[in-house]
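Coordinate inspection notes
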Amino acid sequence: MKRIEALGVLAGLTERHPVVVTCAATSRELASVRDRDNHLYLLDAMGLVGSVATGLALSVDPSAPKVVGIEGDGSLLMNPNVLPTGGYLAPSNLLLVLLDNGVYGSTGALPTYSARIDLERLAAAAGWTTRRADTPDGLRAAFGELLTVTGPAFLYARIEEGNAQGIEKLLIDPVTITGRFTRWLREVHAVSGADA
Ligand SMILES: [Mg+2]
């Protein structure tokens with residue numbers, strides 16, 4: 001399964017979910033598949049999908065559609081603390097999808113540690129309910145199963161190395177991205193409090 005195939009599946013499943021997306025190729029490819037106001041692209045903020053998604057999940061109505069994070073292996077390994085933090089705080093409505101291609105795909109495909117560090121087991125050890133997938137159909141099925149989980153959920157998706165070709169740069173101003181995401185969140189999720 002290529003990254004862009006996985007993102008196509010996820011885009012089809014997350015129209016009503018807040019989606020926090022890791023930077024660089026993953027954000028660009030998701031935006032090329034489907035660009036929506038419910039996407040919070042974390043441009044230049046590597047390693048923070050789990051942090052932002054956990055904070056959001058703790059802030060929104062827990063009965064609303066789950067907060068979905070889309071993370072990469074290099075990014076998760078930059079800040080693996082998000083796993084014990086999410087497991088400890090245990091929001092009921094958080095689903096973190098890891099797209100693991102074994103490399104830093106946006107910076108020359110240098111290998112990450114994921115060939116020898118089992119990130120699904122790391123998440124499970126930290127208290128997340130996990131599933132594994134390596135095909136589009138498997139990803140769709142695992143996503144559906146994890147939507148029924150109460151507590152932090154982790155979907156480990158194995159993807160192929162390599163970026164989709166001909167993808168345009170994502171040049172939306174981060175202020176615009178944040179503004180439209182926040183508006184969507186207030187309207188759809190009826191977020192309470194001053195800051196979404
Ligand atoms: Mg990677």
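Residues numbered from 1 in each chain as written. Predicted model: local features only at pLDDT ≥ 70, side-chain atom pairs only at ≥ 80, totals over all residues. Heavy atoms only, no water.

1. Regarding the coordination of the magnesium ion
The condition is simple: Each metal's donors are the N, O and S atoms within 2.8 Å of it, or within 3.2 Å when it is Na, K or Ca, and because water is not part of the set, sites may look incomplete. Exposed residues in this analysis have more than 50% of their type's maximum accessible area, buried residues have under 20%, and partly exposed residues fall in between, with area computed by a 1.4 Å probe over protein chains only.
Surrounding the magnesium ion are the protein donor atoms Asp73 (OD), Asn101 (OD1) and Val103 (O), which sit 2.1 to 2.2 Å from the metal. Along the chain, the residues that donate to the magnesium ion are spaced as D-x27-N-x1-V. According to the relative accessible area criterion, asparagine 101 is buried, its value standing at 5%. Looking at valine 103, the relative accessible area reads 8%, which means it is buried.

2. As for the side chain of threonine 54
Rules: Under the scheme used here, helices are H or I runs from DSSP no shorter than 4 residues and strands are E runs no shorter than 2 residues, and both carry numbers assigned from the N terminus. Two residues form a contact once any of their heavy atoms are found within 4.5 Å.
When you line up the elements, threonine 54 lands in helix H3 (residues 49–59). Overall, the relative accessible area of 6% leaves threonine 54 in the buried class. Not counting the four nearest positions on each side in its chain, threonine 54 is found in contact with Gly86, Leu89, Pro91 and Leu94.

3. What about the UniProt feature "domain: Thiamine pyrophosphate enzyme TPP-binding" (unreviewed entry) in the protein?
So the rule is basically this: UniProt positions are given in the numbering used here, feature names are shortened, and annotations may be inferred rather than shown by experiment.
Feature annotation in UniProt assigns "domain: Thiamine pyrophosphate enzyme TPP-binding" (unreviewed entry) to the following positions: residues 42–155. Along residues 42–155, the helical share is 39% and the strand share 22%, with 19 Å between the first and last C-alpha atoms.

4. A closer look at the sheet that holds strand E8 (residues 153–158)
Keep this limit in mind: For two strands to count as paired, DSSP must find a minimum of two bridges between them. Axis definition: a line fitted to C-alpha atoms, limited for helices to the stretch in contact. Angles are taken between N-to-C directions and run from 0 to 180 degrees.
Pairing in this open sheet of six strands is parallel, and the strands run E2-E1-E3-E4-E8-E7 from one edge to the other. Each having just a single partner strand, strand E2 (39–41) and strand E7 (129–133) make up the two edges of the open sheet. Going across the sheet, the axis of each strand differs from the next one's by a mean of 20°, ignoring polarity. Judged from the six bridges that link them, strand E4 (residues 94–100) and E8 form a sheet pairing that is parallel. Note that in E8 the partner of leucine 99 across the bridge is alanine 157. Contacting strand E1 (19–21), E2, strand E3 (67–72) and E4, H3 crosses the sheet at an angle of about 175° to E3. Against the sheet, helix H8 (residues 174–189) contacts E1 and E2, and its axis sits at roughly 155° relative to E2.

5. Focus: the pairing of E4
Counting buried positions along E4 yields seven of seven residues, so the element is predominantly enclosed. As paired elements, E3 and E4 share six bridges and run parallel to each other. Bridging from a neighbouring strand, valine 67 pairs with leucine 94 of E4.

6. Structural notes on a nonpolar patch on the surface
The line we're drawing: Any residue with relative accessible area above 30% and no salt bridge may belong to a patch, with like charges joined within 9 Å and the nonpolar Val, Leu, Ile, Met, Phe, Trp and Tyr side chains within 5 Å. Surface exposure here means Shrake-Rupley accessible area, sampled with a 1.4 Å probe, where a residue is shielded only by the protein chains that are shown. Put simply, a salt bridge is a Lys or Arg side-chain nitrogen that is within 4 Å of an Asp or Glu carboxyl oxygen.
A grouping of Leu58, Tyr88 and Leu89 is seen on the molecular surface, where their side chains present a nonpolar patch of about 370 Å² in accessible area. With respect to the secondary-structure elements, tyrosine 88 resides in helix H5 (residues 82–89). Accessibility expressed as a relative area gives 71% for tyrosine 88, which makes it exposed.

7. A short note on the environment of arginine 16
Within the element layout of this structure, arginine 16 appears in the loop between helix H1 (3–13) and E1. Overall, the relative accessible area of 58% leaves arginine 16 in the exposed class. With 50 residues separating them along the chain, arginine 16 and lysine 66 place their C-alpha atoms 8.8 Å apart. Setting aside residues no more than four positions away along its own chain, arginine 16 makes contact with Pro65, Trp184 and His189.

8. With respect to the pairing of E8
Where a strand is regular, its side chains alternate between the two sheet faces. In plain terms, the rule: With its strands directed away from the observer, a crossover is right-handed exactly when the path from the first strand over the helix to the second travels clockwise.
Counting buried residues in E8 gives five out of six residues, a clear majority hidden from the surface. Two elements, E7 and E8, share five bridges in a ladder whose sense is parallel. For threonine 130, the partnering residue across the bridge sits in E8 and is phenylalanine 154. Running through helix H7 (residues 136–147), the crossover from E7 to the neighbouring parallel element E8 is right-handed.

9. As for the packing of H1 against H7
How we decide: Crossings are sorted by hand: turned counterclockwise from the far helix by less than a right angle, the near helix makes the crossing left-handed, and turned clockwise it makes it right-handed. Asp, Glu, Lys and Arg are counted as charged, while Ala, Val, Leu, Ile, Met, Phe, Trp, Tyr, Cys and Pro are counted as nonpolar; the rest, among them Gly, fall into the polar class.
Axis separation between H1 and H7 bottoms out at 9 Å; the angle between their running directions is 35°. Regarding H1 and H7, the two cross each other, and that crossing is right-handed. Listed contacts from H7 to Glu5, Ala6, Val9, Leu10 and Leu13 of H1 are Pro136, Leu139, Arg140 and Phe143. Across the contact of H1 with H7, the residue classes break down as seven nonpolar, no polar and two charged.

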